[in-house]
Amino acid sequence: MRKIFIVLAFIVACMQVSAQKKPLDHSVYDGWQSIGEKLISNNGKVIVYTILPQEGDGQLVIQSSTGNKLKEVERGYAARITDDSRFIIFKIKPTFQQSRAARIQKKSPADMPKDSLGIYNVEKGTLEKIARVKNFKIADKNANVLVYLMEKQIAEQKKPEIDSLTRVRNLSKLADSLLKAADSIKNRLAEVQQKGINILQGNVRPQAKTNEEPVEEGTELIVLQLNDNTRKSFKLVNDYVLSKNGNVLVFKTTRSNTDKSLKATVQKFNIQNGTVDLVLSGLNDAKNFALDEDARQLAFVAERDSAAKALQKFYKLYYYTNGYDSAQLIADRNTKGLPSKWAISEFSVISFSKSGKRLFFGTAPVIPPKDTTVPDFEKAGLDVWNYKDDDLMPVQLFNLDKDLKKSYLARYDFDQHSIIQLASPQLERVIPTAEGDGNIFYASTDFGKRIAKQWQGYSLTDVYTLNPLTGEKNSIVKNFKGTLNASYNGTFLLMYASDKKGYLCYDSRHNKLNAVAKDIPYPLYDEEYDMPEYPAAYGISKWIQEDKNVLIYDRFDIWKIDPAGIGKSVNITVNGRKEQIEYRIVNADTTERYFSSGSLMVIKGYNRLDKSTSIYKKDSLSAIGVKPLLKSNFLVSNVVKSAASKDFVATIESFSLSPDLYFFNENNTLQKLSSINPQQSQYLWGSAEIYKWKAYTGKLTEGVLYKPENFDPKKKYPMIVYFYER
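Residues numbered from 1 in each chain as written. Predicted model: local features only at pLDDT ≥ 70, side-chain atom pairs only at ≥ 80, totals over all residues. Heavy atoms only, no water.

## Remarks on the overall build of the chain
When its secondary structure is counted, the chain shows eight helices and 46 strands. Structurally, the chain occupies a C-alpha span of about 115 × 75 × 60 Å along its principal axes. Counting across all 726 residues of the chain, residues that qualify as buried make up 41%. Taking the contacts inside the chain whose residues are at least 6 apart along the sequence as the reference set, 46% of them involve residues at least 24 apart. If you sum the accessible surface of the chain, you get close to 42100 Å²; carbon and sulfur atoms cover 51% of it. With 103 positive and 84 negative side-chain charges, the chain shows a spacing of 2 Å between the two charge centroids. (Helix = DSSP H or I, 4+ residues; strand = E, 2+ residues; numbered from the N terminus. Buried < 20%, exposed > 50% of the residue type's maximum accessible area, 1.4 Å probe, protein only. Contact = heavy atoms within 4.5 Å. Areas by Shrake-Rupley, 256 points an atom, 1.4 Å probe, with all protein chains shown as cover. Lys, Arg positive; Asp, Glu negative; His and termini not counted. Charge placed at Lys NZ, Arg CZ, Asp CG, Glu CD.)

See below:
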């Protein structure tokens, strides 16, 4: 197949030099803009990006891959494109001046200007705006469903204008009512003088007592069917989760402060058939909703027993699946398997495994309630540090809030109706495998070894295998310094040992630790590291399907190695070191867990000789070498790939080229999309070139020499020289 060489010389030709240019000064810096978020539709035909000023209002641009601008929306941001590429959903900020003025006036969060929601129909070219929207969600696999939560609505009070005659009549009525009130008071006073003060107390009605404190009420939740524009709304909602397939919506409502019949609930809305199921009612709070892949199972934590202002609340784990009348309580602080004086954490992330057969959540030691017997102003504040503490006192204070919310991974055993505790303060970090379905997990801890971090900057760790079914752990290595990377299925754990400057790999099939990649003749650690510390590895890219191989880097190339330490390592990029090109894989598909035989591998190549960047591809893992997608003499960065096509967007820039957005694909197409700083052509800009010289040590050194635009080699100029360490 012929090689693709796309020459970007036309970019430079487009920069016409004006006869009259202005010098740069501080007053114009704020006029320069940058590219913010970048999205490309699944079909590769629609690109969405934001243009951000230094200060002020940004702009959201919707553009076709051919360069035609479909829509420009002032202050648009946080865009999402539906999976069928037909709709673009985004938020719209208030103007910069509105927000600034509100902050100056010190308005409360409730009175601050609110965002709006934008819905752009690509096929029809129409834009719908909805005011005062808090947030929105769209499904990963169902383009028809949009769910958004409204802000609290402000009641508009319009006072009708009245004429002079009506005002006089109103004043006359007010005077009459005041005279009647005065007469009534006089009569009542005379009655008191005759019969005594007790007659006033007999008419006082006792107020009804209530134990319910006022709550922050939820707002309206809207489910919009984008195809036919039909809407379904739910009141008093303050939290919700939408399934990946867009078929199920779970939401929580608050109780009403005015209508006592409206209680807090958790409900499940089946979007396909329009039915609503009551999952749980009579609760104070519920949070951390998690659905499995098929949206058949639901888990969350809820609290039903404490008062609103209770100093200590105990959350419980609830489970709901299709066919249940309501959610079932499956775990609390009395459940078998939970350590003594522990409870279900309200701060943890709840999740199902990929298959839905395992449920993970967090537990934590019970924190004693705050002592309220002594007022705060009578308490002495004192921080006491001990030399045996893991961290210095400023670090402890900085991490205090995070430590108070820390939780430890656990699994609920549906068969035994018990908790399997996986993590603990002595074993904090757990690495699940196979998206929670692996037969073996891994864990590491630096417990008991953290003090040395205060002076040496790191701590040694102990590494274990962890059985997700029983919680049993077995040691792999003690006092390890380096990085860990588990294979997808958990068969292997690849470890870079900093002190050995090489890779080790644990094989769970044989319970054996092997040295791997020993046949690679080049360093796999930072060759240029010149500090008194162990150098870091160049890194691991990604595993290959079925844990067959793993891709790692040296300074220039990408190597495919055998994690079992038997097969020969293969350089899949071949010429990196020879051509002085640093190849690195671009994570173009963030949902891809590993490389499969059909994966498109996108690779960025940085040429250390001329400092240019090119984009390459590999269609097959077995093929040797790479094929160019985009050859350039500039810096290419922020590469984003379309999910369903081989189309890309990226920023291209140099010292003289502003970082604009470009579209490209494997068919030699290159299309400039943005022109964010056209004013640059009005100013004296200068040039940059690579300059090499011999240092006083005799070593060949290189740097960048910047010259003014009107540089005259016959003149002398003041010069600033800046040296820096690696």
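Here the narrative resumes, following the displayed structure.
## Side note on the packing of aromatic side chains
Within the structure shown, the criterion is met by 23 aromatic pairs. Note on Tyr412 and Phe414: the rings are 5.1 Å apart at their centroids and 85° apart in plane angle, and the pair reads as edge-to-face. The class for Tyr412 is buried, based on a relative accessible area of 3%. A residue is classified by how much of its surface remains accessible, and Phe414, at 27% relative accessible area, is partly exposed. Here the aromatic rings of Tyr442 and Tyr506 are separated by 6.2 Å at their centres, their planes lie at 85°, and the arrangement is edge-to-face. Note that Tyr442 is positioned in strand β26 (residues 441–445) and Tyr506 in strand β31 (residues 502–507), a separation of 64 residues in sequence. Exposure remark for Tyr506: the relative accessible area of 5% places this residue in the buried category. An aromatic cluster is defined as three or more aromatic residues linked by ring pairs; in this entry it consists of Trp32, Phe655, Tyr683, Trp685 and Tyr706. Here the basic side chain of Lys481 rests over the ring of Tyr458, its NZ or CZ set 4.6 Å away from the ring centre. Geometry around Tyr553 places Arg584 over its ring, the cationic atom sitting 4.4 Å from the centre. (Phe/Tyr/Trp six-rings, centres within 6.5 Å; stacked < 30°, edge-to-face > 60°. Lys NZ or Arg CZ within 6 Å of the ring centre and 35° of its normal.)

## Here we look at the sheet that holds strand β30 (residues 492–497)
Reading across from one edge, β29-β30-β31-β32 is the order of the four strands in this open sheet, with antiparallel pairing throughout. The sheet is open, and its two borders are formed by β29 (482–486) and β32 (512–516), each paired with just one other strand. The average angle at which neighbouring strand axes cross in this sheet is 25°, direction not considered. Where β30 meets β31, six bridges bridge the pair, whose relative direction is antiparallel. Looking at β31, one finds that Ala497 is bridged to Gly502. (Pairing = 2+ DSSP bridges. Axes fitted to C-alpha atoms, helices over the stretch in contact; angles between N-to-C directions.)

## Regarding unusual backbone geometry
What you tend to see is this: most non-glycine residues have negative phi, and most peptide bonds are trans. You will see that Ala295, though not glycine, has its phi angle at about 60°, which is positive. Structurally, Ala295 is set in the loop between β16 (285–291) and β17 (297–303). Under the relative-accessibility criterion, Ala295 is labelled buried at 3%. A positive phi is found at Asn479, a non-glycine position, where the angle reads about 50°. Note that Asn479 resides in strand β28 (residues 473–480). On the basis of relative accessibility, which here comes to 45%, the residue Asn479 falls in the partly exposed class.

## Concerning the side chain of Ser642
You can see Ser642 is positioned in the loop between β41 (635–641) and β42 (647–653). Accessibility expressed as a relative area gives 1% for Ser642, which makes it buried. Reaching out from Ser642, the side chain makes a polar contact with the backbone oxygen of Ser41 at a distance of 2.7 Å. Apart from residues no more than four positions distant in its own chain, Ser642 is found in contact with Ile40, Ser41, Asn42, Asn43, Gly44 and Asp647. (Polar contact = N/O pair within 3.5 Å; in protein donor to acceptor, adjacent residues only side chain to side chain.)

## Describing a nonpolar patch on the surface
A surface patch of nonpolar side chains, amounting to about 400 Å² of accessible area, comprises Trp385, Tyr387, Leu392 and Val395. With respect to the helices and strands, the residue Tyr387 is situated in the loop between β22 (359–365) and α5 (393–398). (Patch = residues over 30% accessible without salt bridge, like charges linked within 9 Å, V, L, I, M, F, W, Y side chains within 5 Å. Salt bridge = Lys/Arg side-chain N within 4 Å of Asp/Glu carboxyl O.)

## Here's the deal with the side chain of Thr573
Within the element layout of this structure, Thr573 appears in the loop between β36 (570–571) and α8 (576–579). Within the structure, the side chain of Thr573 is placed 2.7 Å from the side chain of Asp557, a separation counted as a polar contact. Ignoring any residue separated from it by four or fewer positions in sequence, one finds Thr573 in contact with Asp557, Ile558, Tyr583, Ile603, Gly625 and Val626.

## Notes on the sheet that holds strand β33 (residues 540–543)
Within the open sheet, the four strands sit side by side as β33-β34-β35-β36. Their pairing is antiparallel. Edge positions in the open sheet fall to β33 and β36, since each of these has one partner strand only. In this sheet, β36 lies alongside strand β35 (residues 558–561) in antiparallel orientation, the contact comprising two bridges. Each residue of the ladder has a partner; that of Trp559, found in β36, is Asn571.

## Quick look at the confidence of the model for the chain
Across the chain, the average pLDDT comes to 90, with 93% of residues at 70 or higher. Note that residues 1–18 has pLDDT below 50 and, in this model, 32 contacts with residues that lie over four places away or in other chains. (pLDDT = per-residue confidence, 0-100.)

## Let's talk about the environment of Leu551
If you trace the backbone, Leu551 turns up in strand β34 (residues 550–553). Note on Leu551: relative accessible area 0%, which makes it buried. Beyond its immediate stretch of four places on either side in the chain, Leu551 contacts Ile540, Ser541, Lys542, Ile544, Ile558, Trp559, Lys560, Ile572, Ile585, Phe595 and Met601.

## A closer look at the nonpolar core
Leu317, Ile350, Leu359 and Phe361 are the most contacted members of the largest nonpolar core, which totals 29 residues. Residues contacting Leu317, with those up to four places away along its chain left out, are Phe300, Val301, Gln328, Leu329, Ile330, Ala331, Ile344, Ile350, Leu359 and Phe361. Counting 18 residues, the second-largest nonpolar core is a separate cluster that includes Val241, Ala264, Leu298 and Ala302. (Core = buried A, V, L, I, M, F, W, Y, C linked by side-chain atoms within 4.5 Å.)

## Some details on the pairing of strand β8 (residues 126–130)
Across five bridges, strand β7 (residues 116–121) lies against β8 in antiparallel orientation. Bridge pairing links Asn121 to Thr126 in β8.

## Thoughts on the pattern of salt bridges
For the structure shown, the criterion picks out 43 salt bridges. For Glu293, the salt bridge identified is with Lys244, shortest N-O distance 2.8 Å. With a gap of 49 residues between them, Glu293 in the loop between β16 and β17 and Lys244 in the loop between β12 (230–242) and β13 (248–253) connect regions that are remote in the sequence. In this structure, Lys406 and Glu428 form a salt bridge, with 3.5 Å as the shortest nitrogen-oxygen distance. On the criterion of sequence distance, the pair formed by Lys406 in the loop between α6 (400–404) and β23 (408–413) and Glu428 in the loop between β24 (418–421) and β25 (429–431) is long-range, its members being 22 residues apart. Its relative accessible area of 29% is what places Lys406 among the partly exposed residues. Classification of Glu428 by relative accessible area gives partly exposed; the value is 34%.

## What about the pairing of strand β2 (residues 46–52)?
Within β2, six of the seven residues are buried, which leaves it mostly tucked inside the rest of the structure. Inspection of the sheet shows strand β1 (residues 34–40) paired to β2 by five bridges, in the antiparallel sense. Along β2, the bridge assignment pairs Leu39 with Val48. Remark: five residues form the turn of the hairpin made by β1 and β2, two consecutive strands paired antiparallel; Gly44 in that turn has positive phi of roughly 75°.

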